[in-house]
Amino acid sequence: MTSKPDIRSFDDDALKKALVDMGQPAFRSKQIADWIWSKGASTFDEMTNLPQGLRLNLEAGFGLHPIAPEEEQVSRDGTVKCAFPIESGKVVEGVLIPARDRMTACISSQVGCSLSCSFCATGKLKLLRNLNAGEMVDQVRHIAMLAERHHDHRLTNIVYMGMGEPLLNYKNVLASIDRITGTPGLGMSPKRITVSTAGIAKMIRKLGDDEVKFNLALSLHAAEDGKRNRIMQINESNDLASLRDALMYFNEKTGTRVTFEYILLGGFNDDIEDARDLARFAACVPCKVNLIEYNPIDDALFRKADARKTDEFKDLLEDKFNMVVNVRRSRGEDIDAACGQLANKNKLATGQG
Ligand code: SF4
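Only a predicted model underlies this, so the values are computations on that prediction, with no experimental measurement involved. (Residues numbered from 1 in each chain as written. Predicted model: local features only at pLDDT ≥ 70, side-chain atom pairs only at ≥ 80, totals over all residues. Heavy atoms only, no water.)

Asks: Describe the overall build of the protein chain, with residues and values.
Replies: From N to C terminus, the protein chain includes 11 helices and 12 strands. Expected size for 353 residues packed as a compact globule is a radius of gyration near 20 Å; at 21 Å, the protein chain falls within 12% of this value. Across its three principal axes, the protein chain shows a C-alpha extent of roughly 70 × 40 × 35 Å. Accessible area of the protein chain: about 15500 Å², with a carbon and sulfur share of 48%. The distance from the centre of the 47 positive side-chain charges to the centre of the 49 negative ones in the protein chain is 2 Å. (Helix = DSSP H or I, 4+ residues; strand = E, 2+ residues; numbered from the N terminus. Rg over C-alpha atoms; globule rule 2.2 N^0.38 Å. Areas by Shrake-Rupley, 256 points an atom, 1.4 Å probe, with all protein chains shown as cover. Lys, Arg positive; Asp, Glu negative; His and termini not counted. Charge placed at Lys NZ, Arg CZ, Asp CG, Glu CD.)

Asks: Any chance you could break down the sheet that holds strand β4 (residues 103–107) for me, citing the residues and the numbers?
Replies: Strand pairing in a sheet is mediated by backbone hydrogen bonds. Such pairs are either parallel or antiparallel. The mixed open sheet is built from 10 strands, whose spatial order is β1-β2-β3-β4-β7-β8-β9-β10-β11-β12. On the outer flanks of this sheet lie β1 (71–74) and β12 (325–328), each paired with one strand and no other. Within this sheet the neighbouring strands show an average axis-to-axis angle of 20°, counted without direction. Here seven bridges tie strand β10 (residues 258–264) to strand β11 (residues 287–293), and the two strands are oriented parallel to one another. Bridge pairing links Val-258 to Cys-287 in β11. Sitting on the sheet, helix α4 (residues 133–151) is in contact with β1, β2 (80–85), β3 (91–98), β4 and β7 (157–160), with an inclination near 40° to β3. Of the strands in this sheet, β9 (215–219) and β10 are in contact with helix α9 (residues 240–254), which crosses β9 at around 170°. (Pairing = 2+ DSSP bridges. Axes fitted to C-alpha atoms, helices over the stretch in contact; angles between N-to-C directions. Contact = heavy atoms within 4.5 Å.)

Asks: Run through the side chain of Arg-228, naming residues and quoting values.
Replies: One can find Arg-228 in helix α7 (residues 225–231). Although Arg-228 lies buried, it forms no salt bridge, and the closest oppositely charged side chain, Asp-225, sits 6.4 Å away as judged by the N-O distance. Here Ser-219 takes part through its backbone oxygen, which lies 2.8 Å from a polar atom of the side chain of Arg-228. If sequence neighbours within four positions are ignored, Arg-228 has contacts with Ala-198, Leu-218, Ser-219, Leu-220, Ala-222, Asn-235, Asn-238, Leu-240 and Leu-243. (Buried < 20%, exposed > 50% of the residue type's maximum accessible area, 1.4 Å probe, protein only. Salt bridge = Lys/Arg side-chain N within 4 Å of Asp/Glu carboxyl O. Polar contact = N/O pair within 3.5 Å; in protein donor to acceptor, adjacent residues only side chain to side chain.)

Asks: Let's hear about the packing of aromatic side chains: which residues, and what values?
Replies: Applying the stated criterion to the full structure yields five aromatic pairs. Between Phe-260 and Phe-281 the ring centres are 5.8 Å apart and the planes differ by 70°, which places this aromatic pair in the edge-to-face class. Of this pair, Phe-260 sits in strand β10 while Phe-281 sits in helix α10 (residues 272–282), placing them 21 residues apart in sequence. Of the two residues, Phe-260 and Phe-281, neither departs from the other in class, the shared state being buried. Centre to centre, the rings of Tyr-262 and Phe-313 are 5.2 Å apart; their planes meet at 35°, and the pair counts as tilted. Taken together, the residues span a long stretch of sequence, with Tyr-262 in strand β10 and Phe-313 in helix α11 (residues 307–320) at a distance of 51 residues. No difference in accessibility class separates Tyr-262 from Phe-313, as the two residues are buried. Among the aromatic residues, those joined into a ring-pair cluster are Phe-268, Tyr-294 and Phe-302. Over the face of the ring belonging to Trp-35 we find Lys-39, whose NZ or CZ atom lies 4.3 Å from the ring centre. (Phe/Tyr/Trp six-rings, centres within 6.5 Å; stacked < 30°, edge-to-face > 60°. Lys NZ or Arg CZ within 6 Å of the ring centre and 35° of its normal.)

Asks: Any chance you could break down the environment of Ala-144 for me, citing the residues and the numbers?
Replies: Following the sequence through the fold, Ala-144 ends up in helix α4. By relative accessible area, Ala-144 is classed as partly exposed at 24%. The spacing of Ala-144 and Thr-104 is 40 residues in sequence and 8.8 Å in space, taken between C-alpha atoms.

Asks: Explain the nonpolar core to me, using residue names and the numbers behind them.
Replies: Of all hydrophobic cores here, the largest spans 102 residues; its most connected members are Phe-119, Tyr-160, Phe-260 and Leu-317. Residue contacts for Phe-260: discarding those within four places in its chain leaves Leu-218, Leu-220, Leu-247, Phe-281, Ala-282, Val-285, Cys-287, Lys-288, Val-289 and Asn-290. (Core = buried A, V, L, I, M, F, W, Y, C linked by side-chain atoms within 4.5 Å.)

This is the structure in structure tokens:
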């Protein structure tokens, strides 16, 4: 790994300054940013509208290290998972989830995770490091290509729901969204992007202060503190009352409806009383609920809720509490690409073996 500064870590102002310091006209920085963020250049040599002398100077002075998938697995349901090697054998995963009305990229924000949610394979891996903005944009760019290649359809949505807790990598996640939505960049609408958090109240409030335009999802999974503490340690320091206040603040500042993600764990949180708890909690903000089928991981403590329970749960939320509810069927289960399964099979590659 080179010690040259990574040119993708420069924001637009810093890049302009670096170019001017090199005796170049300021407009060169726009051309370079366009190559990096819109065209996905992986070498300075590709930047053919720059003079060759400048390309050589850039090569000598800066690093350019995009990540690209090395391994691709295609599920029988059309889901595609790819492994992106990072330096020193570390790996992160991104997933393309095709559906009738959308093509979604599920991307990772950290290598491993520090939060240890008990139903999640990634939580069994140590946090090794945050991804930088460019590494998140690279996942989107490559998964967009997979959508075209495998399904002849453009990418429509992005969820930060892969490995890691995005709000614990706040600055880089927001910088990546700037590049995904901006010019130079990928020019996507922020309304097509959802950041999913396990629940860091302080950072949810910060999203409100920053008046972000993208969507927010809370991985709730239990709406009673004792129960939530058992599956998500983060709830011990960020309890439901603090999350409720933070979500209300977020909604007040942004006007954006919140999504509650709720994995149905058979015999644990799939009862009618759990549905009532969920409805009571979710009433704090305009919202919708995604009920997610659980995918057992290798040493699973839980099982999938049965279909009858899932239907009863959904019906109660819809009929009695008038909520907007979607059931998200399990996708990519055969390639360990489903919700909570990422990195289960990459323990060695991420240094956890
Ligand atoms: S569910 Fe999310 S926050 Fe919890 S351990 Fe898994 S990756 Fe980390």
